[in-house]
Amino acid sequence: MEIHKRVTDTTGVVHRFVLDFELIFLNERKFHAIQSFIHNWWWFSIIYAFFYIILIFIGRAWMAKKDQKYELRTALVLWNASLTIFSLWGAFRCVPELINIVTQHGFMYSICDSKYKQGITGLWVCLFMASKVPETIDTLFIVLRRQELIFLHWYHHASVLVYCFYSYAFFASTGRWFVSMNYCVHTLMYCYFALRAARIRIPPFVQVFITLLQIVQMIAGCVVNVAAYNYKQKGYSCGTTDTNISLSLALYASFLQQMDSDMKDTGDVEMFDVDLSNTKENNAYTQTKDIDVISKSVVTKHTPWLEKYRPAKLDDIVGNEEAILRLAHFARQGNLPNIIISGPPGCGKTTSVLCLARQMLGDSFREAVLEMNASNDRGIDVVRTKIKMFAQAKVSLPKGRHKIIILDEADSMTEGAQQALRRTMELYSKTTRFALACNASDKIIEPIQSRCAMLRYSKLNDEQLLKRLMEIAKTEKVSFTSEGLEAIIFTAQGDMRQAINNLQSTVFGFGHVNSENVFKVCDEPHPILIRDMIEKCLKSDLDEAYKAMNHLWRLGYTAEDILSVIMRVTKTYPMSEFMQLEFIREIGLTYMRVSQGVESQLQLSSLLARLCEKANSTTH
């Protein structure tokens, strides 16, 4: 088996000494096949848990009739040692990823982001879920060795097994916290059991320490779930459902109640499971089992403002009022057609579809919505696997509702992929609706266009951008000047996403938003320099205009960067309408030559010469 010395995971953490089998989740097809299988068959864990409980009591009745019990000490040592190695390996894979995410992105991101589900860490999260099945062998040892079997032992195994499969089927984003903590506690716990089974004396405080770790984890789990619920109530995007939170808290409550009951009965804190190394000769210890709860969660103060202030309702979206009214009508009627939303970047296309889906599907949003960026997943295989599997998946929804597949930048899909998508739209029209967001609708093939309602979005105007920026600045208590906000609006060019990112970048970079800081962050030619250059052209002063352009060129700006700002400044520069049209014409011709590949300083020099010539001929 080959060992890979350095492998970068999907979340950016670097794993050292990775074995071949650990790379399976880096394969898109295998990953989605496993995900789809678990999503469709997680309920089988309920049947397994049911038979597990039945077999426990059958086994105990059978052992009661036998004259002697089974010792199984060697098998017990090997079993606990193997689980120790497995847990330690899992901890080495999951804990560094958790630490990396917390230090790089903050606590909130660590419990909301679910990118880790694919990759090396994601594999070990999946193995953690799967390990709940073989862990029931713990009970087999207890039954065959004819030890006392407490209620909390088998109840814990059965309930956590079902809950872990359920949570993983709909992937809980907080899994990285619970799995990392559990792997660490499992490592200590199974090592303790292996040593006890080998009849090595362990100080009593170790048992108490493991029990305390278990209680701390339960408290941490409750805190995470309560936080998830609070963030959902505040309208933040949180990757968990109310059902998941309720089930998790119910499990914690039942475990704590049972532990409290056992403590009252015995006068001491009881652990979840009877120690498998326990015999009458060496006194009974109780086996520690931490609670394997994977729930979902929340948002943090370090979240990008773009996500923090992303509208959660259609009423909160800025601009394109007529299109938003149509979507609101679809939401009220509950019968969403296939739709294509066409418009420039940052005008709210994807956000409006997400708001619509959230309003229509409610708590089922997580399970019934698939969002993909077609510019990344653009091939025909994606349509035939990922999209088709989601369309085939069974999801319980309110009557009249449909699953929704959101394809962002759908105009980047290949023609073959679009043809396959057309067929998929036909086959699953009874259960699934498609929402395609694109910049240019003419790149969507006609058969798909004919099957969709078309919504066209336009760029946001300066007033709409300014209103939202002012709201964010006041909420975040940002220090700013009016010139600074004007500079952000100038650089955004009607793109709300760009405007918010530029605002946050300027605040984090300099702490104060003014025009100078904004243009340092955005790294665009300063419009004041461009304005000065145009003024020199109007005066037919080619030498001074060239000096201004040459200064910008030496700063590293490309011809396209300079021309873009020249065009925007010219549109608002106070000059005669005829002169303005002539300038725009010449700028447009130069932009065309540059876009064809002739990007050189000579083209810009030629432009300035022609502008000076136009100004001179008009003057005379």
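Counting restarts for each chain: residues are numbered from 1 in the order of the written sequence. Since the coordinates come from a predicted model, pLDDT governs what is reported: local features require at least 70, and pairs of side-chain atoms require 80 or more to be given and counted, while whole-chain, interface and lining totals use all residues. Hydrogen atoms and water are omitted, and side-chain values are computed over all heavy atoms in the structure.

## Notes on the sheet that holds strand β8 (residues 432–438)
Paired through backbone hydrogen bonds, the strands of a sheet run either parallel or antiparallel to each other.
Thinking step 1. Pairing within the open sheet is parallel, and its 5 strands lie in the order β6-β7-β8-β5-β9. Two strands lie at the open edges of the sheet, namely β6 (369–373) and β9 (453–456), each paired on one side alone. Strand-to-strand, the axes of this sheet are offset by a mean angle of 15 degrees, without reference to chain direction.
Thinking step 2. Note on pairing: DSSP must find at least two bridges between two strands before they are called paired. Each helix is a run of DSSP H or I of at least 4 residues and each strand a run of E of at least 2, with the numbering of both proceeding from the N terminus. For strand β7 (residues 403–408) and β8, the ladder comprises 6 bridges, and the chain directions are parallel. When the bridges of β8 are listed, Ile404 appears paired with Arg433. The axes used here are C-alpha line fits, helices contributing only the stretch in contact, and every angle between their N-to-C directions lies in the interval 0 to 180 degrees.

## Describing the UniProt feature "transmembrane region" (unreviewed entry) in the chain
Thinking step 1. The feature "transmembrane region" (unreviewed entry), as annotated in UniProt, sits at residues 41–63, 75–92, 122–144, 151–171 and 207–229 in this numbering.
Thinking step 2. Taken end to end, residues 41–63 is 91% helix and 0% strand, and its two terminal C-alpha atoms sit 33 Å from one another.
Thinking step 3. A distance of 35 Å separates the end C-alpha atoms of residues 122–144, which is 78% helix and 0% strand. UniProt positions are given in the numbering used here, feature names are shortened, and annotations may be inferred rather than shown by experiment.

## A closer look at the side chain of Arg610
Thinking step 1. Examined against the element boundaries, Arg610 turns out to sit in helix α26 (residues 601–619).
Thinking step 2. Think of it in three bands: residues with accessible area under 20% of the maximum for their type are buried, residues over 50% are exposed, and the middle band is partly exposed, with areas taken using a 1.4 Å probe on protein chains only. By relative accessible area, Arg610 is classed as buried at 17%.
Thinking step 3. At 2.6 Å, the side chain of Arg610 forms a polar contact with the side chain of Glu586.
Thinking step 4. Residue contacts are counted whenever heavy atoms from the two residues lie within 4.5 Å of one another. Excluding residues that lie within four positions of it along the chain, Arg610 makes contacts with Glu586, Thr590 and Arg593. Polar contacts here mean pairs of N or O atoms no more than 3.5 Å apart (in protein, one a potential hydrogen donor and the other a potential acceptor; neighbouring residues in sequence count only if both atoms are side-chain atoms).

## Let's talk about the nonpolar core
The nonpolar side chains of a soluble globular protein tend to be buried with one another.
Thinking step 1. Met129, Tyr168 and Tyr183 are the most contacted members of the largest nonpolar core, which has 45 residues in total.
Thinking step 2. Of all the elements in the fold, those that place two or more residues in this core are α1 (28–41), α2 (44–65), α3 (73–105), α5 (120–131), α7 (151–169), α8 (175–197), α9 (204–233) and α10 (242–266).
Thinking step 3. The element best represented in this core is α7, accounting for 12 residues.
Thinking step 4. In contact with Tyr183, other than residues within four places in its own chain, are Phe86, Ser87, Gly90, Ala91, Cys94, Trp124, Leu127 and Phe128.
Thinking step 5. Core analysis: the second largest hydrophobic core is formed by 28 residues, Ile587, Leu604, Cys612 and Ala615 among them. Side-chain atoms within 4.5 Å link the members of a nonpolar core, which is a set of buried Ala, Val, Leu, Ile, Met, Phe, Trp, Tyr and Cys residues.

## Section: the packing of α3 against helix α6 (residues 137–144)
Thinking step 1. Direction vectors running N to C along α3 and α6 enclose 160 degrees, while the axes themselves pass 12 Å from each other. In this view, α3 runs roughly antiparallel relative to α6, as classed from their interaxial angle. α6 is crossed by α3, and the crossing has left-handed handedness. Where α3 abuts α6, its residues Ala75, Leu76, Trp79 and Leu83 lie against Ile137, Asp138 and Phe141.
Thinking step 2. Its residues assigned to classes, the contact of α3 with α6 comprises 6 nonpolar, no polar and 1 charged. Any angle that is under 35 degrees is reported as roughly parallel, and any over 145 degrees as roughly antiparallel; angles of 65 to 115 degrees are reported as roughly perpendicular and all others as oblique. Crossings are classed by handedness, with left-handed meaning an anticlockwise turn of the near helix from the far one by less than a right angle and right-handed meaning a clockwise turn. Polarity classes work like this: nonpolar for Ala, Val, Leu, Ile, Met, Phe, Trp, Tyr, Cys and Pro, charged for Asp, Glu, Lys and Arg, and polar for all others, with Gly in that last group.

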